[in-house]
Amino acid sequence: LDRTRERFVADLEEARTLGQVPAGNDPVAAANELMHLVAGLACDALLDPRYYDRPYMLGLIDTTIDRLTGRSHPYTPTPPTKTHCSAPPGKNSASN
């Protein structure tokens, strides 16, 4: 993870130098945020791949990168209509 973080930090520092990221952004904090986002999405996708589908995850990543770079994003990602925490039919304790 250290090498990944170092690479993200270096890329974000270069982007800041090139004016692609606002000067006030902390590259270490941004790198940590990106690493946690990607790791969390990977776990979520393994646990519930129908809910965390590719378009939804890419939308979350794009929105985060746009926020970190100071750009606005054209939409807010919305999860698929299936809720990932719902109990299977007949397993709801309120109906048993």
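Because the structure is a prediction, the values reported are computed rather than measured.

**Examining the pattern of salt bridges**
Pairing is possible between side chains that carry opposite charge, provided their charged atoms lie close to one another. A full pass over the atoms with the stated rule returns three salt bridges. Note that Arg5 and Asp2 form a salt bridge whose closest N and O atoms lie 3.2 Å from each other. Of this pair, Arg5 and Asp2 are both found in helix α1 (residues 2–17), three residues apart, which corresponds to roughly one turn of the helix. Across the pair Arg7 and Asp11 runs a salt bridge, and its minimum N-O distance is 3.1 Å. With Arg7 and Asp11 both in helix α1 and four residues apart, this pair spans about one turn of that helix.

**Notes on the packing of helix α2 (residues 27–47) against helix α3 (residues 54–69)**
At their nearest, the axes of α2 and α3 sit 11 Å apart, and the two run at 175° to each other. If you check the angle between α2 and α3, you find them roughly antiparallel. Contacts between α2 and α3 involve Ala30, Glu33, Leu34, Leu37, Leu41 and Ala45 on the former and, on the latter, Met57, Leu60, Ile61, Thr64, Ile65, Arg67 and Leu68. Its residues placed into classes, the contact of α2 with α3 shows ten nonpolar, one polar and two charged.

**A few points about the environment of Thr69**
Residue position: Thr69 is located in helix α3. By relative accessible area, which is 15% here, Thr69 ends up buried. For Thr69 and Val21, which are 48 residues apart along the polypeptide, the C-alpha to C-alpha distance reads 4.4 Å. For Thr69, the residues in contact, after removing those within four places along its chain, are Gln20, Val21, Pro22 and Asn25.

Rules of the game
- Residues numbered from 1 in each chain as written.
- Predicted model: local features only at pLDDT ≥ 70, side-chain atom pairs only at ≥ 80, totals over all residues.
- Heavy atoms only, no water.
- Salt bridge = Lys/Arg side-chain N within 4 Å of Asp/Glu carboxyl O.
- Helix = DSSP H or I, 4+ residues; strand = E, 2+ residues; numbered from the N terminus.
- Axes fitted to C-alpha atoms, helices over the stretch in contact; angles between N-to-C directions.
- Parallel < 35°, antiparallel > 145°, perpendicular 65-115°, else oblique.
- Contact = heavy atoms within 4.5 Å.
- Nonpolar A, V, L, I, M, F, W, Y, C, P; charged D, E, K, R; others polar.
- Buried < 20%, exposed > 50% of the residue type's maximum accessible area, 1.4 Å probe, protein only.

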